[in-house]
There are 6 protein chains.
Amino acid sequence: MKVKVSRKAHFNAAHRLFRPEWDDAKNLAVFGKCSNPKYHGHNYDLVVSVTGAIDITTGFVMDMKVLKDLIISEIEDAFDHKNLNEEVPEFAELNPTTENIAVVIWQKLRPNIDPEHELEVVLYETPRNFVTYSG
Amino acid sequence: MKVKVSRKAHFNAAHRLFRPEWDDAKNLAVFGKCSNPKYHGHNYDLVVSVTGAIDITTGFVMDMKVLKDLIISEIEDAFDHKNLNEEVPEFAELNPTTENIAVVIWQKLRPNIDPEHELEVVLYETPRNFVTYSG
Amino acid sequence: MKVKVSRKAHFNAAHRLFRPEWDDAKNLAVFGKCSNPKYHGHNYDLVVSVTGAIDITTGFVMDMKVLKDLIISEIEDAFDHKNLNEEVPEFAELNPTTENIAVVIWQKLRPNIDPEHELEVVLYETPRNFVTYSG
Amino acid sequence: MKVKVSRKAHFNAAHRLFRPEWDDAKNLAVFGKCSNPKYHGHNYDLVVSVTGAIDITTGFVMDMKVLKDLIISEIEDAFDHKNLNEEVPEFAELNPTTENIAVVIWQKLRPNIDPEHELEVVLYETPRNFVTYSG
Amino acid sequence: MKVKVSRKAHFNAAHRLFRPEWDDAKNLAVFGKCSNPKYHGHNYDLVVSVTGAIDITTGFVMDMKVLKDLIISEIEDAFDHKNLNEEVPEFAELNPTTENIAVVIWQKLRPNIDPEHELEVVLYETPRNFVTYSG
Amino acid sequence: MKVKVSRKAHFNAAHRLFRPEWDDAKNLAVFGKCSNPKYHGHNYDLVVSVTGAIDITTGFVMDMKVLKDLIISEIEDAFDHKNLNEEVPEFAELNPTTENIAVVIWQKLRPNIDPEHELEVVLYETPRNFVTYSG
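Residues numbered from 1 in each chain as written. Chains lettered and ligands numbered in written order. Predicted model: local features only at pLDDT ≥ 70, side-chain atom pairs only at ≥ 80, totals over all residues. Heavy atoms only, no water.

**Some details on the overall build of chain A**
For chain A, the count of helices and strands is four helices and five strands. Each helix and strand of chain A, placed in order from N terminus to C terminus, yields the pattern β-α-β-α-β-α-α-β-β. Dimensions along the principal axes, computed over C-alpha positions, put chain A at roughly 60 × 25 × 25 Å. Residues counted as buried form 59% of the 135 residues belonging to chain A. Of the roughly 5,500 Å² of accessible surface on chain A, 53% is carried by carbon and sulfur atoms. Charged side chains in chain A number 15 positive and 21 negative. The centres of these two groups are separated by 5 Å. (Helix = DSSP H or I, 4+ residues; strand = E, 2+ residues; numbered from the N terminus. Buried < 20%, exposed > 50% of the residue type's maximum accessible area, 1.4 Å probe, protein only. Areas by Shrake-Rupley, 256 points an atom, 1.4 Å probe, with all protein chains shown as cover. Lys, Arg positive; Asp, Glu negative; His and termini not counted. Charge placed at Lys NZ, Arg CZ, Asp CG, Glu CD.)

**Concerning the arrangement of the chains**
Across all C-alpha pairs, the smallest distance from chain A to chain E is 13 Å, and the two are not in contact. A gap remains between chain B and chain F, with no contact made and the closest C-alpha atoms lying 13 Å from each other. (Contact = heavy atoms within 4.5 Å.)

**Notes on helix α2 (residues 64-79) of chain A**
Residues three or four positions apart in an α-helix share a direction because the helix packs 3.6 residues into each turn. Here α2 of chain A spans 21 Å end to end across 16 residues, near enough to the 22 Å set by a 1.5 Å rise per residue. Taken together, the buried positions of α2 of chain A are Met64, Leu67, Leu70, Ile71, Ile75 and Phe79 of chain A. On the buried face of α2 of chain A, the contacting elements are β1 (2-15), β2 (40-53), β3 (82-83), α3 (84-87) and α4 (98-109) of chain A together with β5 (129-133) of chain B. For α2 of chain A, the side-chain oxygen to backbone nitrogen distance between the N-cap and Lys65 of chain A is 2.9 Å, and the N-cap itself is Asp63 of chain A. Just downstream of α2 of chain A, His81 of chain A is the residue with a positive phi angle, here 60 degrees. (Expected span 1.5 Å × (residues − 1). Polar contact = N/O pair within 3.5 Å; in protein donor to acceptor, adjacent residues only side chain to side chain.)

**What to know about the interface of chain F and chain E**
Each partner contributes residues to the interface: chain F has 20 residues there, and chain E has 18 residues. When the two sides are added together, the surface that chain F and chain E hide from each other amounts to roughly 1,500 Å², 57% of it contributed by carbon and sulfur. Run the count over chain F and chain E and you get zero salt bridges. Counting across the chain F and chain E interface gives nine residue pairs in polar contact (both at pLDDT 80 or more). Looking at which element gives the most residues to the side of chain F that touches chain E, the answer is strand β1 (residues 2-15) of chain F, with seven residues. Tallied by class, residues from the side of chain F that touches chain E come to ten nonpolar, four polar and six charged. As paired elements, strand β5 (residues 129-133) of chain E and β1 of chain F share five bridges and run antiparallel to each other. Bridged to Phe130 of chain E within β1 of chain F is Ser6 of chain F. (Buried area = accessible area lost by both parts, 1.4 Å probe. Salt bridge = Lys/Arg side-chain N within 4 Å of Asp/Glu carboxyl O. Nonpolar A, V, L, I, M, F, W, Y, C, P; charged D, E, K, R; others polar. Pairing = 2+ DSSP bridges.)

**Concerning the environment of Val122 of chain B**
Residue and element names in this part refer to chain B. Residue position: Val122 is located in strand β4 (residues 118-126). Its relative accessible area of 12% is what places Val122 among the buried residues. Each residue touching Val122, except ones within four places of it in the same chain, is listed here: Asp45, Leu46, Val47, Phe130, Val131 and Thr132.

**Observations concerning the relation of the copies chain F and chain A**
Aligned on chain A, chain F shows an RMSD of 0.0 Å; the corresponding rotation is 180 degrees and the shift along the axis is 0.0 Å. Taken together, the rotation angle and the small translation identify this as a two-fold axis. Comparing interface residues between copies, 100% of those in chain F also lie at the interface in chain A; the contact surface is shared. (Least-squares fit on C-alpha atoms with pLDDT ≥ 70 in both.)

**Observations regarding the pattern of salt bridges**
All names here are of chain C. Throughout the structure, instances matching the rule amount to 42 salt bridges over all chains. Residues Glu118 and Lys2 are paired through a salt bridge, measuring 3.3 Å at the closest nitrogen-oxygen approach. In this pair, Glu118 is assigned in strand β4 (residues 118-126) and Lys2 in strand β1 (residues 2-15), connecting sequence segments 116 residues apart. Judged by its relative accessible area of 45%, Lys2 falls in the partly exposed class.

**Comments concerning the packing of helix α2 (residues 64-79) of chain B against helix α4 (residues 98-109) of chain B**
If you want to describe how two helices pack, look at the angle between their axes and the distance between the axes. Residue and element names in this part refer to chain B. Where α2 contacts α4, the two axes come as close as 10 Å, and the packing angle between them is 140 degrees. With respect to their mutual orientation, α2 and α4 come out oblique. When you trace α2 past α4, the crossing you get is right-handed. Where α2 approaches α4, its residues Leu70, Glu74, Ile75, Ala78 and Phe79 are matched on the opposing element by Ile101, Val104, Ile105, Lys108 and Leu109. The residue makeup of the contact of α2 with α4, split by class, is eight nonpolar, no polar and two charged. (Axes fitted to C-alpha atoms, helices over the stretch in contact; angles between N-to-C directions. Parallel < 35°, antiparallel > 145°, perpendicular 65-115°, else oblique. Left-handed = near helix turned anticlockwise from the far one by under 90°.)

**Looking at the packing of aromatic side chains**
Taken as a whole and judged by the stated rule, the model has 42 aromatic pairs over all chains. Consider the rings of Phe31 of chain C and Phe60 of chain E, whose centres lie 5.7 Å apart with planes at 75 degrees: the pair is edge-to-face. With one member in each of two chains, Phe31 of chain C in helix α1 (residues 24-31) and Phe60 of chain E in the loop between β2 (40-53) and α2 (64-79) form a pair that bridges those chains. When its relative accessible area of 1% is taken as the criterion, Phe31 of chain C is described as buried. Grouping aromatic residues by their ring pairs yields a cluster made of Phe11, Tyr44, Phe79 and Phe91 of chain A. The positively charged end of Arg16 of chain C is found above the aromatic ring belonging to Phe18 of chain C, 3.7 Å away from the centroid. (Phe/Tyr/Trp six-rings, centres within 6.5 Å; stacked < 30°, edge-to-face > 60°. Lys NZ or Arg CZ within 6 Å of the ring centre and 35° of its normal.)

**Some details on the interface of chain F and chain A**
Contacts between the two partners involve 23 residues from chain F and, on the opposite side, 23 residues from chain A. Overall, the association of chain F and chain A removes approximately 1,900 Å² of surface from exposure, summing both partners, and the carbon and sulfur fraction of that is 47%. Taken as a group, Lys38, Asn43 and His81 of chain F account for 32% of the area that chain F buries against chain A, more than any other trio of residues on that side. Taken together, chain F and chain A are joined by four salt bridges.

**Examining the pairing of strand β5 (residues 129-133) of chain D**
Residues and elements named next belong to chain D. In terms of residue burial, β5 counts as a mostly covered element, since five of its five residues are buried. Of the two faces of β5, the one holding Asn129, Val131 and Tyr133 and the one holding Phe130 and Thr132 are both buried throughout. As paired elements, strand β4 (residues 118-126) and β5 share five bridges and run antiparallel to each other. Opposite Val122, over in β5, you have Thr132 as the bridge partner. In this antiparallel pair of consecutive strands, β4 and β5, the connection spans two residues.

**Thoughts on the relation of the copies chain F and chain E**
Rotating chain F by 120 degrees about the axis while translating it 0.0 Å along that axis superimposes it on chain E, leaving an RMSD of 0.0 Å. With respect to symmetry, the two chain copies, as superposed, fit the operation of a three-fold axis. By C-alpha distance to the rotation axis, the residue of chain F lying nearest is Pro127 of chain F, at 8.6 Å.

Honestly, that's just the spatial picture; any functional story needs more than this.
Set out below in structure tokens:
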């Protein structure tokens, strides 16, 4: 009897999409205005879901306060009000597309979640563009 | 060719999280402010989804008016403007966590849905905390 | 050149609508299911707006971090996860309708806001019912 | 390592639900007010999701600008500000229920998506009624 | 001490924008795809607000159940699942732009609201286009 | 008989809050993490409202297509996917707080709106922080 519990969070960050070995013209051709060398930014909305059995004592799959604090310490403290390209080590050489950011978030959270639980990350770059990753 | 049809509903209720065999201090330690003996409450949002084949005559998997009325009679009439702990029999001895409420809703709806159809329940306790259960 | 700055917050609480001098039947006739003696509850959404001139040095009408902290200390700490009727002194003898809660919130915030600034409170009891008060 | 990327779009259209071989009374009995012969309409919200591996060069599963333009050319240009029954050929003899519209959208998009990618369509007829189809 | 109470409702309808004395080409030039002679449609969201003093006995400006029922009887029953041009008498000779629909809604509600109360109507044709009218 | 028509738009941008004559420590003390010298960013949502009489011929206060195109040419083309501090001339020496951005947007739109019409700008920096300016 598995249940999925989900917690919503958010962070605001600057980024640009580009490959350093390409010149500006090629980056513009591939990544459009997202390649602006001066950066742009987003209010990222994040939904983290953990799936497992309900603990009979608490009635919880996972304490949402624990999940909330984990998202703060692992993700918000690292990403919020930051320049993803320049200030978040995981993106020093990795293009911070929504896909790659979602995978990095999943990888940062996974070791902190009960190994018997499944983990899913949904990341909204805008209300119109979003990505789902579950390992 | 399976299609999932979803219907959104809502109810407003009071509840508290606690185990009666624990004292207030232990309940506070485990459940935090959700254990307040005087209760607190939520606007619960509910999404009920039914998955099956499209009926060729109607073009429906399931008539949404029937699903809407079923949610009203089985869930809203029983839960809306109620104290879940004190007035809803299923929670007389079951802690009304979002997980447990979602499972109870699923169990109340399941006998009323075509056995060939799958049933999924998503229950939002707040826009930031929600639970998914599909049996 | 006046600008209105707004900050959104939320709290979850239980309440009931009733007049103590009326019996249950009369309270039910006037307040409907909102009069349930066992209480029900809501996720209240709150928008607090402050109107004034932009400070030339900061570019702020009011520092939103200060407004956020003020809402936490004056409103969220007092109302969140509480039974409004039984645990919030302002409603010991005042019916906690959305109208009255909005007025109480305004009265609690007003002394903490620059007297030259206007103050407006919008309180959502549900996404479908809300109230606006500005003194 | 599969990732799902999603893009939200919308179109506004008129439609009615009915079977031409039934008279108005039977259509009303089965389809309710949705069978109004003079039509009614909706703001349809559409979420198209494509699942596949992340391209190492771009960091994309699929370029969202390409997906956005594909939804415009295949769906919005064909459906937006149209009468689905009278002006969209796919519904000349197919009842435009949300289920059938979602399937038609999926069938129109599928040939334009990389065959190695999975495709899912979520179509909201209203914020309260929606349908998911993935082939 | 005036308070504004607001109630949200919705209806789904078909319409077209056009002037009958103009030919299709001129209507298209002025009203764009909204002039489609076969109609299109929307999920209209409606917010009705009533401003007045709080009644000391009830704590209400106006009973929201009464306002809800009034919107159903005066607006939803008349507009929902209808073709505004062909089935709603007020638009027999009046172009059903969002502006004109909002004014008609206000005029239909005004006689049913306490004369000492102010009335405001906000009508969303889409989440991106909306109109406010207060007499 | 004045009606207010509103149009929603959005743009994504990077910015930082700071005064160039202050050192990093003082900027951090006043503007918090918003002063990060490497920038952060937001999905800004913008609601532009124009108030005036309904034109009897069209039923419009102002053609929403014209307003939409005006917002694109004056605001989105100038602000979207830009670094507000470094790439938008209005903020070369003006701190891009939400208040100041809203005023700049109003000033850029005002000359393009009928002088008999009132203009209001609501700018959301996040869903929780927003600003209203009407001249």
